[in-house]
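Descriptive analysis of the structure
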Amino acid sequence: MMQDNCIFCKIIAGDIPSATVYEDEDFKVIMDIFPAARGHVIVIPKKHAANLYELEEESASKALIVAKKVAKAMKAELGCEGLNLLQNNGEVAGQTVDHFHIHLIPRSEEDTVNV
Ligand code: 5GP
Ligand code: ZN
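Sequence order sets the numbering: in each chain, residues are counted from 1 along the sequence as written. Chains carry letters and ligands carry numbers; both start at the beginning, A for chains and 1 for ligands, and go up in the order they are written. With pLDDT at 70 or above as the cut-off, local features in this predicted model cover only qualifying residues; side-chain atom pairs require 80 or more to be listed or tallied, and sums for whole chains, interfaces and linings still use all residues.

As recorded by an unreviewed UniProt entry, the protein chain carries the name HIT family protein and is attributed to Mobilitalea sibirica.

Helix and strand labels come from DSSP, where a helix needs a run of H or I of at least four residues and a strand needs a run of E of at least two; each type is numbered from the N terminus. Counting its regular elements, the protein chain contains two helices and five strands. Secondary structure of the protein chain in N-to-C order comes out as α-β-β-β-α-β-β. Radius of gyration here is computed from C-alpha atoms only, and the compact-globule reference equals 2.2 Å multiplied by the residue count raised to the power 0.38. Over its C-alpha trace the protein chain gives a radius of gyration of 14 Å, about what one expects of a compact globule, namely 13 Å for 115 residues. In terms of principal-axis extent, the alpha carbons of the protein chain reach across some 40 × 30 × 30 Å. Our exposure labels follow a C-beta count within 10 Å of each residue's own C-beta, placed from the backbone: buried means 20 or more other C-beta atoms, exposed means 12 or fewer, and partly exposed covers the counts in between. The buried share among the 115 residues of the protein chain stands at 22%.

Take the site of ligand 1 next. Not every one of the 14 residues close to ligand 1 is listed here, only the nearest: I33, F34, N88, T96 and V97. Counted by class, the shell around ligand 1 contains eight nonpolar, five polar and one charged residues. In this analysis a residue is considered near a molecule or strand if the C-beta atom, reconstructed from its backbone, is found within 6 Å of that molecule or strand. Residue type decides the class: Asp, Glu, Lys and Arg count as charged, Ala, Val, Leu, Ile, Met, Phe, Trp, Tyr, Cys and Pro as nonpolar, and the leftover types, Gly among them, as polar.

With that settled, consider the UniProt feature "domain: HIT" (unreviewed entry) in the protein chain. Within this numbering scheme, the UniProt entry marks residues 7-114 as carrying the feature "domain: HIT" (unreviewed entry). With 27% helix and 23% strand, residues 7-114 has end C-alpha atoms that lie 25 Å from one another. UniProt positions are given in the numbering used here, feature names are shortened, and annotations may be inferred rather than shown by experiment.

Take the nonpolar core next. Of all hydrophobic cores here, the largest spans 18 residues; its most connected members are V29, I42, V43, I44 and L104. Counting residues per element, the ones that place at least two in this core are α1 (7-13), β2 (27-31), β3 (41-45), α2 (57-78) and β5 (102-107). Our contact criterion uses C-beta atoms placed from the backbone: two residues qualify when those atoms are within 7 Å. For I44, the contacting residues outside a window of four places in its chain are F8, I12, F27, K28, I30, H99 and H101. To define a nonpolar core, we join buried Ala, Val, Leu, Ile, Met, Phe, Trp, Tyr and Cys residues through C-beta atoms within 7 Å and take the resulting set.

Low pLDDT marks stretches whose predicted atomic positions should not be read closely. Scored from 0 to 100, pLDDT reflects the predictor's confidence in each residue. Of all residues in the protein chain, 100% have pLDDT values of 70 or greater, and the mean over the chain is 95. The ipTM, which scores confidence in the relative placement of chains, is 0.99 for this predicted complex, and the corresponding pTM is 0.96.

Before going further, it helps to spend a moment on the sheet that holds β5. Spatially, β1-β2-β3-β5-β4 is the arrangement adopted by the five strands of the open sheet, whose pairing is antiparallel. Both edges of this open sheet fall to β1 (20-23) and β4 (82-86), since each of them pairs with a single strand only. When the angles between neighbouring strand axes are averaged without regard to direction, this sheet yields 20°. Strand pairing is assigned whenever DSSP identifies at least 2 bridges connecting the two strands. Sheet topology places β4 next to β5; five bridges connect them, and they run antiparallel. Interaxial angle, 0 to 180 degrees, is taken between N-to-C directions of lines fitted to C-alpha atoms, where a helix line uses only the stretch in contact.

Let us now look at the environment of K47. Tracing the sequence through the fold places K47 in the loop between β3 and α2. Residues K47 and M31 lie 16 residues apart in sequence; the distance between their C-alpha atoms is 19 Å. Residues in contact with K47, not counting those within four places in the same chain, are M1 and S59.

Expected span of a helix, by definition, is 1.5 Å for each gap between consecutive residues, and there is one gap fewer than residues. Between the first and last C-alpha of α2 there are 31 Å, a value that for 22 residues agrees with the 32 Å anticipated at 1.5 Å per step. When we look at burial in α2, the residues that qualify are A63, V66, A67 and M74. Each buried residue of α2 sits inside an arc of 110° when the element is viewed along its axis, so together they form one side. Exposed side of α2, more than 90 degrees from the buried face: E57, E58, S61, I65, K72 and A76 are the residues found there. In the core, the buried residues of α2 are packed alongside β1, β2, β3, β4 and β5. Directly beyond the C-terminal end of α2, a positive phi value near 70° is found at G79. Note: the arc covers the axis-to-C-beta directions of the helix.

Written out as structure tokens, the structure is:
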């Protein structure tokens, strides 16, 4: 299940530390190490899949349920006015970690994020 040399598999296994904001049996949500905006988190399925093409349907549907749950908590706690969901597949699309993940990027009038 764990893919060798996958950063996110190592984070899920606890071999690399991360700031976890949500966790259940299938998903982990962590702070992005290079945040595009304050509060930027990434939603990661525990079962390795390289990208959307390889993701099982069950993980795909649960990923959005987890994203929604965390998005609502972020709105309440950060007081952000909006949020971008971003999900990259393949190097040409900007994917740098080959373990499926969804970015949640809180947005406000003052930020300078380009996504
Ligand atoms: P991608 O470019 O593949 O869509 O997104 C990968 C994201 O993972 C990037 O935003 C990058 O900052 C983040 N990232 C890469 N390595 C680590 C790490 O070791 N810990 C955390 N928390 N985030 C990471
Ligand atoms: Zn992985």
